[in-house]
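Residue strings, one per chain:
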Amino acid sequence: MVTSDIDILRKVIVHRPDQGIEWVTPFNKAELLYDDIVFLPKMQEEHSLLTGVLSFFAGEENVLEFTDLLTDILTNAKLRSQLLDEVFKLESLPPDTQLTLQQLLPKNLAKALISGYKAGGSVLLNPVPNLIFTRDIGAVVNNYVITCQAEKMPRKRENILTWFITHYHPVFVKVGYKYLDLCISSDHLATTLSNRAETIEGGDIIHLSPSHLLIGCSERTNMVALWRIREQLREHKVVEKFTIVDIPKEEYCMHIDTIFSKVNTHDYVLYEHVLQDPTQISIESFDLQGNTSQRFDTIKDLILAEDADARFVSCGNGEHPFDQREQWSSACNFVAVRPGVAVTYRRNTKTIEGFQQLGYTVIPAEQFLQQAAEGKIEKEKIQNTIITIPAGELSRGSGGPHCLTFPIERG
Ligand SMILES: NC(=O)NCCC[C@H](N)C(=O)O
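Residues numbered from 1 in each chain as written. Predicted model: local features only at pLDDT ≥ 70, side-chain atom pairs only at ≥ 80, totals over all residues. Heavy atoms only, no water.

K.L.:
Looking at this structure, I do not really get the overall build of the chain. What am I missing?
P.N.:
Within the chain, the secondary structure is distributed over 14 helices and 20 strands. Relative to the compact-globule value of 22 Å for 411 residues, the chain shows a C-alpha radius of gyration of 20 Å, a close match. Expressed as lengths along the three principal axes of its C-alpha atoms, the size of the chain is roughly 60 × 55 × 40 Å. Counting over 411 residues, the chain shows a buried share of 59%. Within the chain, counting contacts between residues at least 6 apart in sequence, those at least 24 apart form 73% of the total. For the chain, the accessible surface area stands at approximately 16,000 Å², while carbon and sulfur atoms represent 50% of it. Charge separation in the chain, taken as the distance between the mean sites of 40 positive and 54 negative side-chain charges, equals 3 Å. (Helix = DSSP H or I, 4+ residues; strand = E, 2+ residues; numbered from the N terminus. Rg over C-alpha atoms; globule rule 2.2 N^0.38 Å. Buried < 20%, exposed > 50% of the residue type's maximum accessible area, 1.4 Å probe, protein only. Contact = heavy atoms within 4.5 Å. Areas by Shrake-Rupley, 256 points an atom, 1.4 Å probe, with all protein chains shown as cover. Lys, Arg positive; Asp, Glu negative; His and termini not counted. Charge placed at Lys NZ, Arg CZ, Asp CG, Glu CD.)

As structure tokens, then:
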């Protein structure tokens, strides 16, 4: 169950940067949704610091690696064959490639489906180098799971792999989650992903409170999907309030979590340049049972209407050009591990100063993990703390710590 963006993190899906990311070149980086090519070993080190912090709070066994979940699915012959059929259809793979992939052992097949597959010097299957951003593949909203439908072709295979995990892996099935799906069944995934108009990505889904879900209408999540999700939320009484924030359809703010996160019960970080400018956004909140709606000019108006004690940190601490520079390197994209304890990229120094001014302690992840290993940190007691990780390489993928996590249990 996940009823908020900040409650104690109990279980989360991540994906360690893999060899497929080394297939990103200066020539295909834009198509593969990367800002630049990366140095994989360094990126993995940075990612390990993030997973180290997540493991400290949630327990190592609750930081689930996507590849392991996929391998489990692929050990079931029926699911494996259904999943492969959908991938083959989506990517129109030739029969000899299909045969080669069908013969791989589950572990090697999972690796191929994520990192790509070469044989005899030719590429048989491309990698999905954006899978590190597990936030975008799905979302748990109270006791419902949304499996996403990506807008960009290089991310669509991720949706097939995720659909099988969310619908068949014991990690989901044992909890008894229900589903809010745009795809109706496992044998329609490829056609739905290729033809249907609805697209939704998890970076646009933010819990403001257990009863209030905020969704960005963005470059990646469109109104068609939002209307369908809204109807399902209403029908199943999942939340009482549903707010759509329509933001510019631009790459720099591809999801709402690139310009807004909740960090603590009353503390938020936002990119004012967009979210405080009524000419760039429109906000409408729906009371799902009462069938009424209310418009707000800015995100602060929306938040303050429910939370008079809300405090806001502006990206770059409101200072130009740091607001723009730091937004670009995911300064509004914090992931909370418990209320008021969150991870961010160290490079966003001005935004971090904004948190210090609100009374937060800032600590590098390396030092935090060292102190944790020495037993000097009691995780139940720690509060108002920002843990920073280096992100020279991670930031080249255009996402931050929030994007790198898919929480499936909190509270
Ligand atoms: N929630 C997010 O903002 N995710 C970042 C995704 C970055 C990835 N390169 C993409 O373009 O999809």
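K.L.:
What is the right way to look at the confidence of the model for the chain in this model?
P.N.:
Close inspection of predicted coordinates is inappropriate for parts of the model with low pLDDT. On average, residues of the chain score 96 in pLDDT, and 99% of them reach the 70 mark or higher. The ipTM, which scores confidence in the relative placement of chains, is 0.99 for this predicted complex, and the corresponding pTM is 0.97. (pLDDT = per-residue confidence, 0-100.)

K.L.:
Even after reading the chapter, I still don't get helix H14 (residues 365–373), so can you show me in this structure?
P.N.:
Residue pairs three or four apart in sequence face the same way in an α-helix, which turns once every 3.6 residues. Every buried residue of H14 is listed here: Ala365, Phe368 and Ala372. The arc enclosing the buried residues of H14, seen along the axis, measures out at 60 degrees, which places them on a common side. Tucked inside the fold, the buried residues of H14 contact helix H1 (40–58), strand E18 (361–364) and strand E19 (385–389). A positive phi of about 75 degrees marks Gly375, the residue just after H14. (Arc of directions from axis to C-beta.)

K.L.:
Just checking my understanding: could you explain helix H2 (residues 66–74) for this structure?
P.N.:
Taking burial as the measure, the nine residues of H2 include seven buried ones, the bulk of the element. Phe66, Thr67, Leu69, Leu70, Thr71, Ile73 and Leu74 are the residues of H2 that are buried. Packed against the buried residues of H2 are strand E1 (9–14), strand E2 (63–65), helix H3 (77–91), helix H5 (106–115), helix H6 (156–168) and helix H7 (170–173).

K.L.:
Got a minute to help me understand the site of the ligand in this structure?
P.N.:
Among the 15 residues in the neighbourhood of the ligand, the closest are listed as Leu33, Asn130, Asp136, Gly397 and Cys403. When the free accessible area of the ligand is taken as 350 Å², the share hidden by the protein chains comes to 99%. By residue class, the composition of the shell around the ligand is four nonpolar, seven polar and four charged. (Near = heavy atom within 4 Å. Nonpolar A, V, L, I, M, F, W, Y, C, P; charged D, E, K, R; others polar.)

K.L.:
Teacher, can you tell me more about the environment of Ser329 here?
P.N.:
Along the chain, Ser329 falls in the loop between helix H12 (322–328) and strand E16 (335–338). Under the relative-accessibility criterion, Ser329 is labelled buried at 7%. In this structure the C-alpha to C-alpha distance between Ser329 and Glu366, which are 37 residues apart in sequence, comes to 20 Å. The residues contacting Ser329, other than those within four sequence positions of it, are Tyr345, Arg347 and Asn348.

K.L.:
How should the sheet that holds E1 be read in this particular structure?
P.N.:
Two modes of strand pairing occur in sheets, parallel and antiparallel, and in both the strands are linked by backbone hydrogen bonds. Strand order in the open sheet formed by three strands is E2-E1-E20, with mixed pairing between adjacent strands. Both edges of this open sheet fall to E2 and strand E20 (406–410), since each of them pairs with a single strand only. Taken over all neighbouring pairs, the strand axes of this sheet differ in orientation by 20 degrees on average, direction set aside. Note that E1 and E2 share three bridges and pair parallel. Paired with Val12 across the two strands is Val63, which belongs to E2. Lying on the sheet, H2 is in contact with E1 and E2; it crosses E2 at an angle near 60 degrees. (Pairing = 2+ DSSP bridges. Axes fitted to C-alpha atoms, helices over the stretch in contact; angles between N-to-C directions.)

K.L.:
Is there a simple way to think about the pattern of salt bridges in this case?
P.N.:
Pairs can form between side chains of opposite charge once their charged atoms are near each other. In this structure the tally under the stated criterion is 22 salt bridges. For Arg295, the salt bridge goes to Glu284, with nearest N and O atoms at 3.1 Å. A residue pair is termed long-range when its members are at least 10 positions apart, and Arg295 in strand E14 (residues 292–296) and Glu284 in strand E13 (residues 282–287) qualify at eleven residues. What makes Arg295 exposed here is its relative accessible area of 56%. (Salt bridge = Lys/Arg side-chain N within 4 Å of Asp/Glu carboxyl O.)

K.L.:
Looking at this structure, how should I read the packing of H2 against H5?
P.N.:
Angle between the axes and distance between the axes: these two values describe a pair of packed helices. Orientation of H2 relative to H5, taken along the N-to-C sense of each, is 125 degrees, at an axis distance of 8 Å. Between H2 and H5, the crossing angle belongs to the class labelled oblique. Pair H2 / H5 crosses with right-handed handedness. On the side of H2, the interface is formed by Phe66, Thr67, Leu70, Thr71 and Leu74, while H5 contributes Pro106, Lys107, Leu109, Ala110, Leu113 and Ile114. For the contact of H2 with H5, the residue count by class is eight nonpolar, two polar and one charged. (Parallel < 35°, antiparallel > 145°, perpendicular 65-115°, else oblique. Left-handed = near helix turned anticlockwise from the far one by under 90°.)

K.L.:
Sorry if this is basic, but what is going on with the side chain of His47 here?
P.N.:
Mapped onto the fold, His47 is located in helix H1. If near-sequence neighbours (up to four positions away) are discounted, His47 is found in contact with Val14, His15, Arg16, Pro17, Leu394 and Leu404.

K.L.:
Explanation requested: the environment of Ala373 in the structure shown.
P.N.:
If you trace the backbone, Ala373 turns up in helix H14. Taking the relative accessible area as the measure of exposure, Ala373 reaches 69% and is therefore exposed. Separated by 46 residues in the primary sequence, Ala373 and Gln327 have C-alpha atoms spaced 33 Å apart.

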